[in-house]
Amino acid sequence: MRAVTFQAPGEVRIEDRPEPEVVDPGDAVVKIEATGVCGSDLHIYHGRVKIEPGFTIGHEYVGTVIAVGDAVTRVAVGDRVLGCFHSACGICFHCLRGEYHRCVESRTFGHGATLGALQGTQAEQALVPHADIVLRKVPEGMGADTALFAGDVMGTGFHAVDASGLRPGDVAAVLGLGPVGLCAVQAAKAAGAAHVIAVDAVEERLKIAESFGAEPIHLTEQDARESVRAATEGRGVDVCVDAVGDPRALESAIRLTRPCGAIQCIGVYAERAEIHLGLLWLKSITLRGGQANVIAHVDRVLAMMSAGVLDPTPLVTKHMSLDEAVEAYEIYDRREALKIVLTP
Ligand SMILES: [Zn+2]
Ligand SMILES: [Zn+2]
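Asks: Before we go on, may I ask you to explain the coordination of the zinc ion (ligand 1) in this structure?
Replies: Tetrahedral coordination by four donors places them ideally at 109.5 degrees to one another around the metal; octahedral coordination by six donors ideally gives 90 or 180 degrees. Distances from the zinc ion (ligand 1) to its protein donors, namely Cys38 (SG), His59 (NE2), Glu60 (OE) and Asp152 (OD), fall within the range 1.7 to 2.3 Å. Bound by 4 donor atoms, the zinc ion (ligand 1) shows angles of 78 to 146 degrees at the metal and therefore irregular coordination geometry. In primary sequence terms, the donor set of the zinc ion (ligand 1) follows C-x20-H-E-x91-D. Linking histidine 59 in the loop between α1 (39–45) and β4 (60–68) with aspartate 152 in the loop between α4 (144–147) and α5 (153–164), this pair joins segments that are 93 residues apart in sequence. Using a relative accessible area of 2% as the deciding quantity, one classes histidine 59 as buried. The exposure class of aspartate 152 is buried, given its relative accessible area of 8%.

The following block contains the structure:
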């Protein structure tokens, strides 16, 4: 089968790979119908996240189950399914507490040996471990461009808002309007935010945020503090989502958030960073971060997408065939598309 593999920084390739087979009783094999190219794939593409040359990448997927192990009961051969971006065992200390994102046996699709050596989904087929936990049936009538967001991007935007403790009537700010930030805008509105201030420097992204009901603020041409003051009688926002993953964004979040408010870091931090911790302390701000617990949210996200309360489809700005993956990565790297969906 054909698969998109990482070769070296700036180089991916379409290669022939053996078709996956069920090994463990909890496994399923999914024939891929559509698979997304994600910002985290770009980290691999740039060599910032190190994986082995020849490893299949990708972790957003919709498809049809073509084989299952004996222990799989919740999905069957022929089911149209979507999956989460990582697997979880369901029985470890963390899984029993619903903290699937910290599962001690968690394996992330398409991220090499350090994250569980699980081959990616930008391929004709993918092996899915713990299929009962990782896969969900696609609700009747839902298109691939919607469904493939449930187990990653929308699940992450939803998590950012859910974990922030946002309450109906709150004013929220979302910093960074990549796909996750834009999904967080929708999730905040759906959770009852009275007003959402959305900050980015890319005009196209600001327009989409506005169409989702947010007040768009250009990072360099406008002053986010002014808008926040105007919307909150000078207090600051109740909740701020940092969907950038840069200390400058976090520092700005601390300044925009009201005393006793909350900041949720969903953007990725992997290194030591300097922020004004004193300001955070003086304002009694709650700061939380980490990867999204998408397995815990996927059923609610699907229900809300089915009902049209959440609708990520405007984020898909380009469709290409899996065979065009090399070009797709170049286009995505130049930020000429918000979300590219590949079809084998
Ligand atoms: Zn992703
Ligand atoms: Zn576990």
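Asks: Would you take a moment to explain the packing of aromatic side chains for this structure?
Replies: Tallied over the full model, the rule gives 2 aromatic pairs. Seen in terms of ring centroids, tyrosine 45 and tyrosine 329 are 5.3 Å apart; in terms of plane orientation they differ by 35 degrees. Their pairing is tilted. Taken together, the residues span a long stretch of sequence, with tyrosine 45 in helix α1 and tyrosine 329 in helix α12 (residues 325–333) at a distance of 284 residues. According to the relative accessible area criterion, tyrosine 329 is buried, its value standing at 0%. Positioned over the ring face of phenylalanine 93 is arginine 97, at 3.7 Å from the centre of the ring.

Asks: Quick question: what am I supposed to make of the layout of surface pockets here?
Replies: Rolling a probe over the atoms, with the probe sized like a water molecule, indicates the empty space that remains. When its volume is computed, the second largest pocket comes out at roughly 190 Å³. Along its surface, the second largest pocket is lined by 13 residues, and Met1, Pro18, Pro20, Thr56 and Gln119 are the ones closest to its centre. For the lining of the second largest pocket, a count of residues per class yields 7 nonpolar, 4 polar and 2 charged.

Asks: Looking at this structure, how should I read helix α11 (residues 294–306)?
Replies: Owing to its 3.6 residues per turn, the α-helix aligns residues three or four sequence positions apart on the same side. Between its first and last C-alpha atoms α11 spans 17 Å; for 13 residues at 1.5 Å apiece the expected length is 18 Å, and the two agree. The axis of α11 is deflected most strongly, by about 30 degrees, at arginine 300. All buried positions along α11 are accounted for by Val294, Ile295, His297, Val298, Val301, Leu302 and Met305. Buried residues belonging to α11 abut β5 (80–83), β6 (86–87), α3 (131–134), β9 (135–137), α4 and α5. Once α11 finishes, glycine 308 follows within two positions and takes phi at roughly 80 degrees, a positive value.

About the cut-offs
Residues numbered from 1 in each chain as written. Chains lettered and ligands numbered in written order. Predicted model: local features only at pLDDT ≥ 70, side-chain atom pairs only at ≥ 80, totals over all residues. Heavy atoms only, no water. Donors = N, O, S within 2.8 Å, 3.2 Å for Na, K, Ca; no water. Tetrahedral: all angles 85-135°; square planar, octahedral: opposite > 155°, others 65-115°. Helix = DSSP H or I, 4+ residues; strand = E, 2+ residues; numbered from the N terminus. Buried < 20%, exposed > 50% of the residue type's maximum accessible area, 1.4 Å probe, protein only. Phe/Tyr/Trp six-rings, centres within 6.5 Å; stacked < 30°, edge-to-face > 60°. Lys NZ or Arg CZ within 6 Å of the ring centre and 35° of its normal. 1 Å grid on protein atoms, 1.4 Å probe; cavity = no way out; pocket = protein on both sides within 12 Å on 5 of 7 lines; lining within 4 Å. Points joined across faces, edges and corners; volume = space filled by probe spheres on them. Nonpolar A, V, L, I, M, F, W, Y, C, P; charged D, E, K, R; others polar. Expected span 1.5 Å × (residues − 1). Bend = angle between axes of the 7 residues up to and from the residue. Contact = heavy atoms within 4.5 Å.

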